[in-house]
Amino acid sequence: MSSLLLFTSFLLLDPIWALEFRYHDNSEIEQYLIQTSRSNPNITHLYSIGTSVRGQQLWVLALGVNPQRHVVGIPEFKYVANMHGNEVLGRELLLHLIDHLVQGYRNEEASALQLLRSTRIHILPSMNPDGFDDADTDCQYSQGRFNHNGVDLNRNFPDVFSDPQRQQQSEGQREAEVRAVMGWLRNETFVLSANLHGGALVASYAYDNSNQGSMQMGGASLTPDDDVFVHLSKEYSYSHASMHRGNICQGSRAFPDGITNGYHWYPLAGGMQDYNYVWAQCLEVTLELSCCKFPPADQLEALWSDNTDALLAYVRQVHLGVKGVVYDGSGVAVQNALVEVKGRKNVCPFRTNSHGEYYRLLLPGNYTFTVTYPGHEVLTETLSIPYGPDKYSAMTHHFRLRRTSAITTAYIQTCPTPGYSHAVNLEGGGATSRPSWIRHAVGIGLAVLGGWVIE
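Residues numbered from 1 in each chain as written. Predicted model: local features only at pLDDT ≥ 70, side-chain atom pairs only at ≥ 80, totals over all residues. Heavy atoms only, no water.

By the naming in an unreviewed UniProt entry, the protein goes by Carboxypeptidase M and is assigned to Oryzias latipes.

Shown next, in the form of structure tokens:
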């Protein structure tokens, strides 16, 4: 075979060389993700978190130097796009982000190497492929917004502020795409996330809803981590070419610094970002990235340029604050230890994962931590936390507990439980139950495997 033919064959097998600035349909995205994963098995892992109502796979590409499984100390990050099927820019931006990271790794660019060595990045280009199939290219028209059942996916998650009947709706009654994300969040310890939308140019942060209680201030509904959410939102808006100006879209209200509290903008029940924060310990920001929901294709290259630095800068923020492992009196890493920060009373207390890890996104400063675990003395420590993103690592601090001889009762879970039963193991180890997932087995074609497990 001639060298020219070899080179041509390589290009056909490696679509990242030819990723165009145009809209790709669901089949093209699927093929791009499969081929990218096959061509780069050392830094990518393709899996599906479930299917849409019409049975289309919800593909996720994980990128990192250990892409197939979680590694203790390496934070998990995710980007989700196309939750509303007619808000399409995010799909293309995430494809180009994959291309950028893979090419950067291949070319041994320092920033790409540092990011992929320190972070596991999960990219879901389309959460609503059925809606995309039905979408109209109109700038503001809502055709395609909903899933195939006519449901707005960003109104279908459990909501801690909603009436109890809606909150306790069983998981089986929720939309297929929502169930897939809920299962995904149970099986990965995501630390930071963003979901990409269109129709405005602003970074919107939790809470999206409110119970009219003490968290309200000046029309906003504030989380205990409001300072972190504001920082994350500004990190994106000021890294973006124009979002920070706050008044780019015609007819839009002004957004100082290009950010807004979600509830202050407009109340929203059943939203994904509140669900991430309340029940999954994952700080998520909603990024509205284009004045037009379906921008003309000839604007895609410029819009990618506007967002490139911001997309990368936001991922680096997963290294804010502090991380570590909680060990019991025998030196064993324990699951479901409470790790709480004084002055930050979360609706659902932050807990260690199945590896005994905790992650807390915090701005630089001094913080007092309280760690609680059955049969052990309550541990209180004050930590001085530096700024981690510039070094691609949060501060690492492990908590070591001491057993108590006193008779104690295990702490009671005070978190309001959404519409599913999440079994826990108070003595550590893996989760006691996991849904059946499927994944793409690189090199052997498109295989469907049950019982996907984080190792």
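After presenting the structure, the write-up continues.
K.L.:
Which parts of the structure should I look at to understand the pattern of salt bridges?
P.N.:
Where charged atoms from two side chains of opposite charge approach closely, those side chains can pair. Tallied over the entire structure, the rule returns 17 salt bridges. Note that Asp-152 and Arg-155 form a salt bridge whose closest N and O atoms lie 3.6 Å from each other. Classification of Asp-152 as buried rests on a relative accessible area of 10%. Exposure remark for Arg-155: the relative accessible area of 28% places this residue in the partly exposed category. Overlapping salt bridges, with partners in common, bring together Glu-87, Arg-145, Asp-152, Arg-155 and Lys-293 in one network. (Salt bridge = Lys/Arg side-chain N within 4 Å of Asp/Glu carboxyl O. Buried < 20%, exposed > 50% of the residue type's maximum accessible area, 1.4 Å probe, protein only.)

K.L.:
Teacher, can you tell me more about the state of the cysteines here?
P.N.:
In protein structure, a disulfide is the covalent linkage between the sulfur atoms of two cysteines. Evaluated as defined, the whole model comprises three disulfides. Put simply, Cys-139 and Cys-292 are joined by a disulfide, and their sulfur atoms are 2.4 Å apart. Of this pair, Cys-139 sits in the loop between helix H5 (129–134) and helix H6 (164–167) while Cys-292 sits in the loop between strand E10 (283–290) and helix H11 (300–316), placing them 153 residues apart in sequence. Here Cys-249 is linked by a disulfide to Cys-291, with a sulfur-sulfur distance of 2.0 Å. (Disulfide = S-S within 2.5 Å. Helix = DSSP H or I, 4+ residues; strand = E, 2+ residues; numbered from the N terminus.)

K.L.:
How should I be thinking about the confidence of the model for the protein in this particular structure?
P.N.:
Interpretation of the predicted coordinates at a detailed level should be avoided for regions scoring low in pLDDT. A residue-level look at the protein finds 85% of positions with pLDDT of 70 or above and a mean pLDDT of 88. For the stretch residues 1–13, pLDDT sits under 50, and the model shows seven contacts to residues farther than four places along the chain or on other chains. (pLDDT = per-residue confidence, 0-100. Contact = heavy atoms within 4.5 Å.)

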